[in-house]
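Take a look at the letters that make up each chain.
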Amino acid sequence: MTVAPSTTPIDIRPYRAADAEGWLTCRALSFLSTQYYDDVKPTRPLLSDGAVEFVAATSDGQIVGILDIEVDGREATIDTVAVLPGWQELGIASQLLERGVQPLVDRGVLTLDAWTREDVAANRWYQRHSFVEAGRYLHVYLGDGDDDAGFTTPDGLSGPVSAFVHGRIEDETDIRSRFSRVYVCRQYVRPLRTR
Ligand SMILES: CC(C)(COP(=O)(O)OP(=O)(O)OC[C@H]1O[C@@H](n2cnc3c(N)ncnc32)[C@H](O)[C@@H]1OP(=O)(O)O)[C@@H](O)C(=O)NCCC(=O)NCCS
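These numbers come from a predicted model, not from an experiment.

A. Representation of unusual backbone geometry. We note that Glu89 has phi near 60°; this positive angle belongs to a residue other than glycine. Considering the arrangement of structural elements, one finds Glu89 in the loop between strand E4 (75-83) and helix H2 (92-106). On the basis of relative accessibility, which here comes to 84%, the residue Glu89 falls in the exposed class. With phi around 65°, Ser130 is a residue other than glycine that occupies positive phi space.

Quick look at the structure:
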């Protein structure tokens, strides 16, 4: 019998080494329908000491949500937040965030920020959780059919087959006319209350 996700109990708990494969699967499948679709990680990145790492797991151990937060002094950044398709819009990422923010507040971290492209779900999710846009720039891909004028490569190598570069938001119109894959990347920031 298939159990409807909304009736399945979910455990929000710290990440452990045995979650590595579930973490990778959750991340890859969650991002597949987003503008980060080709940002696939074959191994889980090692986070710095003090990072906050939570997962959402079903009672049979399936990882259905992940949240990693890097901490640098009084500032923290969401490195990854993702919920497996089929488990989205059930409040799982919100529960992960609530659990993830608490240790930051306890440690006196003052701000939590995040960077994301134009996907509606991600932007609405940040806005819903009191993140405010603090800036934006462009993610620009050089790919098939784009004009590679101005791109140079070292002697002995071909011209670029593909490239990923950053652009200024002021140049958006011009850049979009030259390249077919361009995204606005926004920084969201949320102040954290300290006790
Ligand atoms: C963004 C993401 C993590 C949200 O996870 P989730 O568990 O589905 O989110 P929640 O159920 O906690 O949603 C809370 C709020 O976010 C917003 N939201 C979530 N999904 C949404 C969607 N598809 N469309 C519009 N708003 C959405 C809503 O405001 C929602 O509040 P509401 O239910 O009161 O309206 C999930 O969509 C995901 O994994 N996306 C792919 C990975 C990604 O884009 N990560 C973040 C960017 S780096």
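So much for the structure itself; the text now carries on.
B. Main features of the packing of aromatic side chains. For the coordinates displayed, the defined rule picks out 8 aromatic pairs. The interplanar angle of 75° and the centroid separation of 5.9 Å between the aromatic rings of Trp115 and Tyr137 together place this pair among those described as edge-to-face. Within this pair, whereas Trp115 is found in strand E5 (residues 111-116), its partner Tyr137 is found in strand E6 (residues 132-142), the two being separated by 22 residues in sequence. Tyr137 sits in the partly exposed class, given a relative accessible area of 22%. With centroids separated by 5.5 Å and ring planes inclined at 20°, the aromatic side chains of Tyr126 and Tyr188 adopt a geometry described as stacked. Taken together, the residues span a long stretch of sequence, with Tyr126 in helix H3 (residues 120-128) and Tyr188 in strand E8 (residues 181-191) at a distance of 62 residues. Each member of the pair Tyr126 and Tyr188 is classed as buried. Grouped by ring-pair contacts, the aromatic residues Trp125, Tyr126, Phe131 and Tyr188 constitute a single cluster.

C. Spotlight on the site of the ligand. Surveying the vicinity of the ligand reveals 19 residues, the closest of which are Val81, Val83, Glu89, Gly91 and Ser94. Residue Val81 places a main-chain N or O atom 2.8 Å away from a nitrogen atom belonging to the ligand. Between an oxygen atom of the ligand and a main-chain N or O atom of Ala93, the distance comes to 2.9 Å. In the complex, 79% of the free accessible area of the ligand, which totals 920 Å², lies under the protein chains. Of all the elements in the fold, those that place two or more residues in the shell around the ligand are helix H1 (20-31), E4, H2 and H3. With 5 residues, H3 is the single largest residue contributor to the shell around the ligand.

D. The pattern of salt bridges, seen in detail. Inspection of the entire model under this criterion finds 12 salt bridges. Between Asp19 and Arg13 there is a salt bridge; the shortest N-O distance is 2.8 Å. We note that Asp19, like Arg13, is buried. Note that Asp38 and Arg181 form a salt bridge whose closest N and O atoms lie 2.8 Å from each other. Taken together, the positions of Asp38 in the loop between H1 and strand E2 (52-58) and Arg181 in strand E8 put the pair 143 residues apart, joining distant regions of the chain. Assessed through its relative accessible area of 41%, Asp38 is described here as partly exposed. Taken together, the salt bridges that share partners define one network made up of Arg27, Asp39 and Lys41.

E. Structural context of the environment of Val161. Counting through the fold element by element, Val161 comes out in the loop between E6 and strand E7 (163-167). Under the relative-accessibility criterion, Val161 is labelled exposed at 66%. Once the C-alpha coordinates of Val161 and Thr34 are considered, the two residues, 127 residues apart in sequence, prove to be 23 Å apart.

Reading the values: rules and limits
- One numbering rule holds for all chains: residues counted from 1, following each sequence as written.
- Local features in a predicted model are, by the rule used here, given only for residues with pLDDT of at least 70; side-chain atom pairs are given and counted only at 80 or more, and totals for whole chains, interfaces and linings are based on all residues.
- Side-chain numbers here rest on the full set of heavy atoms in the structure, without hydrogens or water.
- Helix and strand assignments come from DSSP, with helices taken as H or I runs of at least 4 residues and strands as E runs of at least 2, each series counted from the N terminus.
- To sort residues, take the accessible area from a 1.4 Å probe on protein chains only and compare it with the maximum for the residue type: under 20% means buried, over 50% means exposed, and anything in between is partly exposed.
- Pairs were defined over the aromatic rings of Phe, Tyr and Trp, the Trp ring being its six-membered one, requiring ring centres within 6.5 Å. Orientation was assigned from the angle between planes: stacked under 30 degrees, edge-to-face over 60, tilted for the rest.
- Nearness is defined per residue: one heavy atom within 4 Å of the molecule or strand is enough.
- Side-chain atoms alone can form a polar contact between residues adjacent in sequence; in general such a contact is a pair of N or O atoms within 3.5 Å, and within protein one must be able to donate a hydrogen while the other accepts it.
- For the accessible areas, the method is Shrake-Rupley and the probe is 1.4 Å, while residue cover comes only from the protein chains on display.
- Here, a salt bridge means any side-chain nitrogen of Lys or Arg that lies within 4 Å of a carboxyl oxygen of Asp or Glu.

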